Amino acid sequence: MSELSVADVAETWPVASSAETYRGRLISVRVDKVRMPDNHLAEREVVIHPGAVGVLALDDADRILMIRQYRHPVGRLLWEIPAGLRDVAAETPWATARRELAEEAAYRARNWRVLADYFSSPGFSTERLRIFLARGLEPIPVAERRFEPEDEEAYMLTGWLPLDEAVRKVFAGELHNGVAALGIMAAYAARADGFAALRAADAPVS
């Protein structure tokens, strides 16, 4: 058996009809009738999402900056990494990541790399995320902070978790946020060569 060339590629199967069924502040939902290769039509519900970024902020002691936030849909207080929507027009993923690290954690970073790109739920959602590795961290002085947290963000906790301990907690089922879990495991793997294999922070999104 020959080895497969494994890499995702862009492809769009024909859509016979499409209808929007819901539009909200954040997402919209449409129903597509997609023509399969054998010519029959399959109905697919698609959640349209603006996309998001996550930031795995790692200090010089190999500790991850974590935040705890209430997530109403799952009824949990989840430990996560700083993350946010790509909801500012024309803002690059890297710019969004810098903004989210500043707003949610009041930190900035000198060194940035891309850890991973992924689709959160490709079976029904267009949501795409890019996770960055941020190092060379420094707190933003209080006088320079411009973000006023509200709603769930007003009750967030922050803390530091050693990377090795974070990996153990992912395996133990103690951390459930997908962005955090992927970021933790990617950073753990990338550390083996001193993060040399990671892409530049402004690498194109394929």
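Reading the values: rules and limits
Residues numbered from 1 in each chain as written. Predicted model: local features only at pLDDT ≥ 70, side-chain atom pairs only at ≥ 80, totals over all residues. Heavy atoms only, no water. Helix = DSSP H or I, 4+ residues; strand = E, 2+ residues; numbered from the N terminus. Buried < 20%, exposed > 50% of the residue type's maximum accessible area, 1.4 Å probe, protein only. Salt bridge = Lys/Arg side-chain N within 4 Å of Asp/Glu carboxyl O.

Colleague: For unusual backbone geometry, give the residues involved together with the corresponding values.
Modeller: Even without glycine at this site, Asn39 takes up a positive phi of about 85°. Mapped onto the secondary structure, Asn39 falls in the loop between strand 2 (28-35) and strand 3 (41-48). The backbone of Ala106 sits at a positive phi, close to 60°, despite the residue not being glycine. Note on Ala106: relative accessible area 13%, which makes it buried.

Colleague: I'd like to hear about the pattern of salt bridges, residue by residue, with values.
Modeller: Overall, the coordinates contain 19 salt bridges when judged by the stated rule. Residue Arg191 is joined to Asp62 by a salt bridge in which the shortest nitrogen-to-oxygen separation is 3.0 Å. Separated by 129 residues along the polypeptide, Arg191 in the loop between helix 3 (178-190) and strand 11 (199-200) and Asp62 in the loop between strand 4 (52-57) and strand 5 (63-71) bring together distant segments of the chain. Where Glu103 meets Arg99, a salt bridge forms, and the shortest distance between an N and an O atom there is 3.6 Å. Pair noted here: Glu103 and Arg99 are both in helix 1 (residues 93-105), with a separation of 4 residues, about one helical turn. Overall, the relative accessible area of 26% leaves Glu103 in the partly exposed class. One connected set of salt bridges, linked through shared partners, spans Asp87, Glu91, Arg99, Glu100 and Glu103.

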